[in-house]
Amino acid sequence: MPRVQAYLLIAAGALTPFTLPAADETLPAAQIRSGGYTIVVTFAPGKINLPRSTVLAWISSAADAVSAYFGRFPVSHARIFVRPAAGRSGIFNGTTYGHEGGFTRISIGELTGQHELDNDWMMTHELLHLAFPDIAGDEHHWIEEGMATYMEPIARAQIGAIRIERVWGDMARYMPQGLPEDGDQGLDHTDSWRSTYWGGALFWLVADVQIRQHTNNRKGLQDAMRAILAAGGNILEEWPIEHVLEVGDRATGGRVLRDLYNRMKAKPVQTDLNDLWRKLGIQVNSGVVTFDEKAPLANIRRAITARR
Ligand SMILES: [Zn+2]
């Protein structure tokens with residue numbers, strides 16, 4: 001907690017021109033617009049080789065992906081604190097907090113190139129956390145991480161930032177990490193990295209497909225997520241997990257989220273991923289992804305990444 005407050009003080013200070021740190025290399029604060037709101041971006045002292053405009057474009061793209069998925073940016077006064085890392089390359093140490101209107105801090109290496117920004121998932125992942133309530137109870141952390149893990153590529157594909165083939169190719173490649181291993185005790189009682197991120201992502205993938213099956217593809221998880229946000233469920237609010245699931249289910253006219261949670265929370269549930277990919281029409285051969293448009297759930301696969 002004290003660390004968080006320290007960053008907030010630095011960020012607030014950087015917003016006032018006359019209290020900027022003396023370091024010559026500190027980039028000036030900026031404001032970006034996305035989904036109807038302004039996001040304040042501040043920089044810690046340090047050097048980044050890429051121009052500030054390039055760094056801001058990377059943040060804007062991530063914010064726009066989140067705004068596209070949810071129909072608006074999830075909080076009205078978000079702040080992003082960018083920390084340059086001397087001598088390093090890439091994006092790392094992203095963390096998002098429900099303090100002070102919603103706050104993300106993230107590190108960018110001094111030597112980071114455009115290609116690394118184009119391929120970065122972390123900025124979008126962090127901003128997605130703004131769009132989901134803080135869930136009461138540490139045992140439910142998987143539902144927050146799984147949400148950001150599952151929706152990040154979909155949101156980016158919806159604004160054309162990545163190709164749809166990559167969304168499904170990466171899911172086919174990484175989702176097996178979310179399958180239960182020997183000794184796992186369900187999502188609420190398995191706190192491994194695999195179960196938290198990919199077990200959580202698998203929960204949301206299965207939920208998305210089931211909602212679309214139950215509604216003849218008229219509704220999907222995106223409708224449930226938008227309803228949760230519309231009901232005030234952003235990171236500034238703490239909700240019980242049951243309330244999130246109930247609001248999502250109400251928006252999609254069923255019980256998919258509650259039933260799936262009750263099935264997966266306390267015992268390991270196997271999902272036949274190869275069968276799911278086949279039904280969705282996703283084929284991966286030697287790393288090349290192709291789609292079978294005649295597959296039984298091909299329309300559901302197309303709807304998941306369609307911009308709306
Ligand atoms: Zn996360």
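Given the structure is predicted, the values throughout are model-derived calculations rather than measurements.

Check the secondary structure of the protein chain and you find twelve helices and nine strands. Against the globule reference of 19 Å for 308 residues, the protein chain gives a C-alpha radius of gyration of 20 Å, in line with a compact fold. In terms of overall dimensions, the protein chain has a C-alpha envelope of 60 × 40 × 40 Å along the principal axes. Sequence-distant contacts in the protein chain: of pairs separated by 6 or more residues, those separated by 24 or more amount to 66%.

In terms of domain boundaries, the protein chain breaks down into domain 1 (2–129) and domain 2 (135–305). Each of domain 1 and domain 2 has a C-alpha centre, and the two are 27 Å apart. Each partner contributes residues to the interface: domain 1 has 18 residues there, and domain 2 has 19 residues. Taken together, the elements giving at least two residues each to the side of domain 1 that touches domain 2 come down to helix 2 (52–70) and helix 4 (122–129). Ranked by residues supplied to the side of domain 1 that touches domain 2, first place goes to helix 2 with seven residues.

A few words now on the pairing of strand 8 (residues 282–285). The pairing of strand 8 with strand 9 (residues 288–291) spans four bridges and is antiparallel. If you follow valine 284 over to strand 9, its bridge partner there is valine 289. The hairpin turn running from strand 8 into strand 9, its antiparallel successor, is two residues long, and serine 286 in that turn takes a positive phi close to 50 degrees.

Mapped onto the elements of the fold, threonine 196 is located in helix 7 (residues 193–214). Residues threonine 196 and leucine 127, spaced 69 residues apart in sequence, show a C-alpha to C-alpha distance of 18 Å. Leave out the neighbours within four places in its chain, and threonine 196 touches His141, Trp142, Glu145 and Asp191.

A few words now on unusual backbone geometry. With a phi angle near 55 degrees, asparagine 93 is a residue other than glycine that sits in the positive phi range. Even without glycine at this site, asparagine 217 takes up a positive phi of about 70 degrees. Locating asparagine 217 in the fold gives a position in the loop between helix 7 and helix 8 (221–230). Overall, asparagine 217 belongs to the partly exposed group, with 15 C-beta atoms counted inside 10 Å.

Counting 82 residues, the largest nonpolar core has Val66 and Ala207 as its most contacted members. With eleven residues, the single largest contributor to this core is helix 7. Summarising the domain contributions, this core has at least three residues from each of domain 1 (2–129) and domain 2 (135–305). Dropping the residues within four chain positions of it, valine 66 is found in contact with Phe73, Pro74, Thr124, Leu127, Leu128, Ala131 and Ala155.

Between its terminal C-alpha atoms helix 5 (residues 141–158) stretches 26 Å, which fits the 26 Å expected from 18 residues at 1.5 Å a residue. Counting buried residues along helix 5, 16 of its 18 residues qualify, which places the element largely inside the surrounding structure.

This part takes up the pairing of strand 1 (residues 30–34). With five bridges joining them, strand 1 and strand 2 (residues 37–43) adopt antiparallel strand pairing. Within strand 2, the position partnered with alanine 30 by the bridge is valine 41. Hairpin connection, strand 1 to strand 2: the antiparallel pair is bridged by two residues, and glycine 35 has positive phi, about 55 degrees.

An ideal rise of 1.5 Å per residue puts 27 Å on 19 residues; helix 2 measures up with 27 Å between its terminal C-alpha atoms. Taken together, the buried positions of helix 2 are occupied by Val55, Trp58, Ile59, Ala62, Ala63, Asp64, Ala65, Val66, Ser67, Ala68, Tyr69 and Phe70. Glycine 71, located one to two residues past helix 2, shows a positive phi value of around 85 degrees.

Take the sheet that holds strand 5 (residues 103–109) next. Within the open sheet, the five strands sit side by side as 1-2-3-5-4. Their pairing is mixed. Single-partner strands in this sheet number two, and they are strand 1 and strand 4 (91–97). This sheet shows a mean twist of 20 degrees between the axes of neighbouring strands, independent of strand direction. Bridge count for strand 2 against strand 3 (residues 79–85) is four bridges, and the pairing is parallel. Its bridge partner lying in strand 3, valine 40 is registered against arginine 79. Contacts from helix 2 reach strand 1, strand 2, strand 3 and strand 5 within the one sheet, and its direction differs from that of strand 1 by about 30 degrees.

Reading guide: rules and limits
Residues numbered from 1 in each chain as written. Predicted model: local features only at pLDDT ≥ 70, side-chain atom pairs only at ≥ 80, totals over all residues. Helix = DSSP H or I, 4+ residues; strand = E, 2+ residues; numbered from the N terminus. Rg over C-alpha atoms; globule rule 2.2 N^0.38 Å. Contact = placed C-beta atoms within 7 Å. Domains from an automatic or database assignment. Pairing = 2+ DSSP bridges. Buried ≥ 20, exposed ≤ 12 C-beta atoms within 10 Å, placed from the backbone. Core = buried A, V, L, I, M, F, W, Y, C linked by C-beta atoms within 7 Å. Expected span 1.5 Å × (residues − 1). Axes fitted to C-alpha atoms, helices over the stretch in contact; angles between N-to-C directions.

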